[in-house]
Every structure is written in structure tokens, then in C-alpha cells.
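The primary structure of each chain is shown beneath.
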Amino acid sequence: MHIIALGVNHRSAPVEVRECLAFADNAVPAAIEGLRAAAGLHEIMILSTCNRVELYATCADPEATREKLVAGLSGFHNLPAARFADNLYFFRDAEAVRHVFRVAASLDSMVVGEPQILGQLKDAYALAVEHEATGQVLNKFMHRAFSTAKLVRTQTNIAGSAVSVSYAAVELARKIFADLTDKTVMLVGAGEMCELAARHFITHGVRRVLVTNRTHARARDLAAEFDGHAIAFGDFHNQLDRVDILLSSTGSPTYLIRPEHLAPALKKRRYRPIFLIDIAVPRDIDPAANEMDGIFLYDVDDLQGVVAENIDQRLQEAERAEELVALEVDKFTGWLESLKVTPTIKELRRLAAGIAGAEVEKTIAGLGDLSPRQCKKIEAMAGAIVNKLLHAPVTRLKEEAEHGNQVPVEVVRQLFNLKNSGDRNQNPGDHQQRETGSTTPDA
Amino acid sequence: MHSSYTILLTLALLCYVIGMAAGFGLIWQASRRTSRLENAALIAGFVAHAAAFVVRGVQSDALPVASLHESLSCFALFLAGCYLWVSLRNRVSILGAFINPLTVIITLWALLIIRPVEPHPPVLKSLWMPLHVLLSFAGHAMLAVTCGLGIMYLLQERLIKRKKVKGLFTRLPSLGKIDQLSYISLSIGFPLLTLGIITGSLWASVAWGAYWSWDPKETWSLITWFLYAALLHGRISVGWRGRRAAVLSIVGFAAIMFTFLGVNLLLTGLHTYGSF
């Protein structure tokens, strides 16, 4: 039994290829059915986001399954395989496990540490479960992927700080003000980054937005968008005392806001601090303002410096995360390996139980008149001998298998003449589902 | 009897030291476990210290604030209590890093000059005396918290202005929050300080026959009071806050410490403790 992962992501494939391969949510059930039938698979799931399209499956023959899945993809999307074959990556076994754990932990994301991917993976898994396309292995695989992601998030600071300029501005504001909900944001000039930052501020509770622009109509439009007020450009200096957070991005060649504008505003607002964010180049706000008590000024370079440091920090944290992932991959592949011995252990137990049962029957028949209680005793004894005798070898087999050592399994099969190996390694998903109930007690 | 007091006080010191170390840990790295350890250590220290205070009180059959040793110990007890109150209510355990060192130093000092119970001089036996002492120490301790918050404010403000917004920056509370807490602790500490001075003067009239005799300690406590009065006035009527308020709260507490200890060590007057 093998786990495989096959797909494209933002690094391996340009958007033209990704968009052709992507599955709409409502197309996934049909795709699961189609691919499962085409490749003769028991377990399969599809993860389709704007940055990646991936298939995870369990199979007996990875290479053959790969070809069938590629053909299936090509058929489903009506796209010649040659169009995307070079962009595809394909992982099997431990590599596949590592890949999926890294995806779940957001180590493979475009912006490392952004948490959306975990939710998308959970949705994809839920869809597969809903369509009964998962079995014991994929179930356990996904749950381990989720717990690994959680482990990475809690044990490292990978999603700790803002990695966009507009979000960094919000984080700073939250360290200057105790509470953003009663604060007023003013936009001076219009720019994409300003708008984005304003939106971030609104989602973090800011309710009052003032907008000013040399073109008043533009200010009115933008104000309407934020449910705020437009202010005449000539008048905005007089309104500075109302402003807690000011975002500036005009095309002005000289400083628009200077300390002499801020000093009276500060006094009027009883020295409550003002956070100035200057996104314009050339700058709109005199840098000397930052020296004033109660004024905090960040220009675009400052914010980008913050973001760069945060990204650096994320990458450092990502290194620690990789170590955590590696440990989890080892644990999970150990479990996968241990699956391989389960059929052997089953057969061994069946053999021993059969012999014990036959001998008990013979003995009881030979002894003649026995009370039911005495019969029970003899049966219990035989059972106990079997269990105690098998306990050590079974434990050993499992341990060795978890470390990837299959030699003892072969030895045991030869020694006990176990032949019933027809379906061994064929479809352990099936196997396991039938067996789980009886294998747990001796674990 | 004497040894059970020493043991309790030593135990309190030990807990304070652990709490202080945990507080420093929080400066270095945020951790819920460290912050819980800090709180637990401070609570344990406070309880042991309070028990010691009671034992000493029973032994001397009076409020144990007669000698320098007893005064220091009482002040440290209030410091721990005020810190705990502010920190637990507002979940700002990192504040401990700025206040607990003082608690540790004062408790250690008290332990180093520990002396057996002595009969109180008659001048200290008055109803006003315990009121004066308790109110003053409660006020001083609360204003020590204001001072700790002031230091924290200046640190965070500097980090933001210098654009060093990682590490410690993320672990300190927002400037707005620090300033709020600073205002609250000032509004509690200042009335206590005022009441402490008034009850002291009433006591003086009973003990020495005059409300105010301009001995150095009285003069200095008046100077301190004016500093804090100015700060509170500035905050309420002009809207002073932020850096200016933080600096003043630090200066004010320096004046308190000088009034409390410096005057006794450097100048002479009526207020000298029994041990000097």
C-alpha cells in the first residue's frame, strides 16, 4: 500500500495551467467518482484552491496509478496531458506524507504561514468523506495533517505578525491605541494601499472614516464606500484634531502635513496620540513630526521594513516548523509501515487459535463427563497459552515494522508456513476496515 | 516565636524572587506558563508576607511599623498587593518585571536589618498612627505601580518611535492601555497619599502638639504631594498623558522614595525610625 500525492501549485505551474486544472466545488464529487473509477482506487481526495490542485490517494502501484490519474485529469478537464505534464509533481510514501503535512502547515504556501490553506484542506477532506472516498489510511492521514498544522501553529510563531504593509499598519495602531473601535481614520488622497489599509482598520473595529482629496468627487465616492464623510481638501488641516489615524498618499511634491499643523491639533484633542501613515512617495508628511510627543509617524519604508522583518521571522519559524513536520512524518510513516504486518499477525493468530480450538475439542471429548465450568476452564487455559506465547513475537513484529524492518515478517511467515498472502499489500484500506475491530485488543 | 516570623518573611522573599525572575522571563519571551508562574509566586509570597505581618503584630501587640525593618516590610507587602491587584485585573503580568524588583529589594533589605520586637515608644501609640502609616504605604505602593507603568510606557514609546517593532514591542501592552492603567493607579494612589498626609498631621497634633512642624520629612512629603497634584491636575484639566505623564510619574515616585528613605538617611528630624 502506498500513499501518493500528485498535483500542481503556484511554483510548479503558471496560472494558465492551474486554472485549467482547477475543480469548481460542485465538480469535485463527479471528479472524485470519475478518478476513482478510472484509476481503480479505494481512497482519493481532491484539494483545489487558487494556488494549487492536488490529488491524494492510496494505491498498490504508484506508477501505474499516476498514469491513470494523469489520464483521468486530462479526460475530466478535456485538456491534453502534454499541456500540464511538465508542471506536475508526484510524491509517494514518506515524500507524499511530508508534502501534505507541509501544505497543511502552510509551509508550502505562497505567503508562508497564512492559515487559509488548512481550512481549504479540511473542506476538501470533508467533501471526500461525504462521498465515501476515504478509508482508514486517508482518514488517519488527514487527521495527522490537521494535528501537525495545529502543532506548527502553536509551537512556532509562523503566523505571528503581519506580512503586508496595510496589515502592518493595523498591527502598529493596535500597539498605540488601547481600543480601535472608537477611533477615527482619515484618508488623505486616494491610493490602493490606503484603501486596503482603511478596509483593514474597519474590519478591526474602526467605525468613523473621513476622506479628503483634491478632487472632491473622488473623496465623496470613496467616503460612500466606507460609509464615511468627505472633507474639503482645503479644510482638512482644521479637522486634524478629530483624527486618530491618518493615511496619506497624495501626489503632492512637498510636505502636506508639518509639525505646525499638528501641534494645535494635538492641543485641541488634549494630547491624545495621532498615528500618521505616509504611503506617498515623495512623502506627504514632514518626518520631523515623529519627534513630537504623541505623534507616531511611519512612512512606506518604515512599514516595508516591518514587513520584511516579519517575513524574515516567519522564515526562521518555518525552519523550526520543518523540524516538527519531519518528526510527524516519521511517526505517521511508522504507523503506515506497521499496517503491513497486520495481515501476518492476523494469520498467525488465526492459525494459533485454530490449533488451540481443535486441541481443546479433542481433550474435552476424551475426558468425557465434564461440567460446563470445567470446559470453560480448559478453553480459557488454551486461550491464555496462545495469547502469552504470541504476545512477545507480535509486539516485536510491530516494533520492527514501525522501523521499516520487514525481515521478521518474512521469517515468521516462513516459520509458521503462512501462505494465505493473496491479498496482502493489495488493498489494506479494505483490509483494515474489516480488521480494526479485532486487532485493537492485543495492541 | 521570633523564628516563625523570620521563616515566613524569608519564604515571602523567596516567592518574590521567583516571581521577579518569571517577570524578566516575560520580557524575554511571551509565555502563558511563565505568566501563571509569576502570578502564583506573587500570590504565595503575598500570603506568606501577610502571615508574617500578623505574627509580628501579635508579638508586638501593635501595628508592626515602628522600626525601619517593620516599615520596609510593610511597604513591600503593600507593593506586592497593589501589583497583584493591577496585574490580575488587567492581565498585564509583564508589569511584574518593572515592579517586583523593587518588592524584592525592599523585602531583602527588611530581612537584612531584622531585629527582635521592641516596646513601641509612647509617641507611636495613637489611633492615628496605624491609619497614617497604612494609608501612606498603600498610596506609595500604588504610586510605585504608576511609576512602573511609566517606565513601561517610555520603553514602548521608544520602540515604536524608533520603529523597532518586533520582540519586546509585541510583548508590551499598547501605549493606550499603559496610559489608562497609569491614570487609574494615579487616581487611586494620590487620594491615599493625601489621606496619609492628613492623618499624619492629625497624629502629629496629638503626639507633638502641632499639626505641622516643617521637619524635613514633612517638607519633602509636601513637595511629593505637589508633584503628584500637578500631574493629576495636568491630566484632568489639560489632558497631559503619554510621555510627559510617564516622566512625571517616575519623578514623583523618586520623590516618594527620597521622602520615605532618603530623608532618614541624609537629614535628621522628628520622623526618624527607632533603629536609626
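Residues numbered from 1 in each chain as written. Chains lettered and ligands numbered in written order. Predicted model: local features only at pLDDT ≥ 70, side-chain atom pairs only at ≥ 80, totals over all residues. Heavy atoms only, no water.

Relative to the helices and strands, I236 of chain B resides in helix 8 (residues 216-238). A relative accessible area of 49% places I236 of chain B in the partly exposed class. The spatial distance from the C-alpha of I236 of chain B to the C-alpha of Y183 of chain B is 9.7 Å, given a sequence separation of 53 residues. In contact with I236 of chain B, other than residues within four places in its own chain, are R270 of chain A together with Y183 of chain B. (Helix = DSSP H or I, 4+ residues; strand = E, 2+ residues; numbered from the N terminus. Buried < 20%, exposed > 50% of the residue type's maximum accessible area, 1.4 Å probe, protein only. Contact = heavy atoms within 4.5 Å.)

Across the contact, 26 residues belong to chain B and 22 residues belong to chain A. Area buried by chain B at its contact with chain A is led by K161, K163 and R241 of chain B, which between them contribute 32% of it. One can count one salt bridge joining chain B with chain A. Between K163 of chain B and D302 of chain A there is a salt bridge whose closest N-O contact spans 3.0 Å. One can count 15 residue pairs in polar contact (both at pLDDT 80 or more) joining chain B with chain A. Only helix 5 (128-161), helix 6 (168-171), helix 7 (175-207), helix 8 and helix 9 (242-266) of chain B provide two or more residues apiece to the side of chain B that touches chain A. Residues belonging to the side of chain B that touches chain A are distributed by class as follows: nine nonpolar, seven polar and ten charged. (Buried area = accessible area lost by both parts, 1.4 Å probe. Salt bridge = Lys/Arg side-chain N within 4 Å of Asp/Glu carboxyl O. Polar contact = N/O pair within 3.5 Å; in protein donor to acceptor, adjacent residues only side chain to side chain. Nonpolar A, V, L, I, M, F, W, Y, C, P; charged D, E, K, R; others polar.)

So, about the sheet that holds strand 1 (residues 2-9) of chain A. All names here are of chain A. The antiparallel open sheet is built from four strands, whose spatial order is 2-3-1-4. Since the sheet does not close on itself, it has two edges, and those belong to strand 2 (43-48) and strand 4 (89-92), each with one partner. Averaged over all pairs of adjacent strands, the angle between their axes in this sheet comes to 15°, without regard to strand direction. Two elements, strand 2 and strand 3 (residues 52-59), share six bridges in a ladder whose sense is antiparallel. Each residue of the ladder has a partner; that of I46, found in strand 3, is L55. Of the strands in this sheet, strand 1, strand 2, strand 3 and strand 4 are in contact with helix 5 (residues 94-104), which crosses strand 4 at around 115°. Along the sheet face, helix 6 (residues 116-130) touches strand 2 and strand 3 and points at about 140° away from the line of strand 2. (Pairing = 2+ DSSP bridges. Axes fitted to C-alpha atoms, helices over the stretch in contact; angles between N-to-C directions.)

With that settled, the discussion passes to the side chain of S174 of chain B. Position of S174 of chain B relative to the elements: it lies in the loop between helix 6 and helix 7. There is a polar contact of 3.4 Å between the side chain of S174 of chain B and the backbone oxygen of F177 of chain A. Apart from residues lying up to four places away in sequence, S174 of chain B is in contact with R174, K175, I176, F177 and A178 of chain A.

So, on to the sheet that holds strand 6 (residues 208-213) of chain A. Residue and element names in this part refer to chain A. Reading across from one edge, 7-6-5-8-9-10 is the order of the six strands in this open sheet, with parallel pairing throughout. Of all strands in the sheet, those bounded by a partner on one side alone are strand 7 (229-232) and strand 10 (295-299). Ignoring strand direction, the axes of neighbouring strands in this sheet form an average angle of 20°. Sheet analysis places strand 6 next to strand 7, joined by four bridges and oriented parallel. Paired with T212 across the two strands is I231, which belongs to strand 7. Its contacts with the sheet put helix 8 (residues 165-176) on strand 8 (245-248), strand 9 (274-278) and strand 10, and the angle it makes with strand 9 is roughly 165°.

Here chain B averages 90 in pLDDT, while 93% of its residues score no lower than 70. Across chain B, helix 4 (residues 96-112) of chain B holds the top mean pLDDT of 95, while helix 9 of chain B sits lowest at 88. (pLDDT = per-residue confidence, 0-100.)

Let us now look at the nonpolar core. As a rule of thumb, soluble globular proteins bury nonpolar side chains together. Residue and element names in this part refer to chain A. In this structure, F201, L247 and F275 are the most contacted members of the largest nonpolar core, which totals 104 residues. Leave out the neighbours within four places in its chain, and F201 touches A169, V170, A173, L180, V185, V206, I245, L247 and I277. Counting 66 residues, the second-largest nonpolar core is a separate cluster that includes C59, F90, M142 and A318. (Core = buried A, V, L, I, M, F, W, Y, C linked by side-chain atoms within 4.5 Å.)

Residues and elements named next belong to chain A. For the pair helix 12 (residues 300-367) and helix 14 (residues 407-415), interaxial distance at closest approach is 11 Å and the crossing angle is 25°. The orientation of helix 12 with respect to helix 14, classified from their angle, is roughly parallel. The hand of the helix 12/helix 14 crossing is left-handed. In this structure, helix 12 contributes V341, T344, E347 and L348 to the contact, and helix 14 contributes V409, V412 and R413. Here the contact of helix 12 with helix 14 is composed, by residue class, of four nonpolar, one polar and two charged. (Parallel < 35°, antiparallel > 145°, perpendicular 65-115°, else oblique. Left-handed = near helix turned anticlockwise from the far one by under 90°.)

So, on to the pattern of salt bridges. All names here are of chain A. Inspection of every chain in the model, using the stated rule, returns 28 salt bridges over all chains. A salt bridge links R258 to E260; the shortest N-O distance between them is 3.1 Å. Classification of R258 by relative accessible area gives partly exposed; the value is 30%. Linking R396 and E399 is a salt bridge whose minimum nitrogen-to-oxygen distance equals 3.0 Å. Of the two residues, R396 and E399 both sit in helix 13 (residues 372-402), three residues apart, roughly one turn of that helix.

Residues and elements named next belong to chain A. The grouping of L351, I355, V407, V411, L415 and F416 at the surface amounts to a nonpolar patch, some 550 Å² of accessible area in total. Going through the elements one at a time, helix 12 and helix 14 are the ones with two or more residues in the nonpolar patch. The biggest single contributor to the nonpolar patch is helix 14, with three residues. With respect to the helices and strands, the residue L351 is situated in helix 12. (Patch = residues over 30% accessible without salt bridge, like charges linked within 9 Å, V, L, I, M, F, W, Y side chains within 5 Å. Areas by Shrake-Rupley, 256 points an atom, 1.4 Å probe, with all protein chains shown as cover.)

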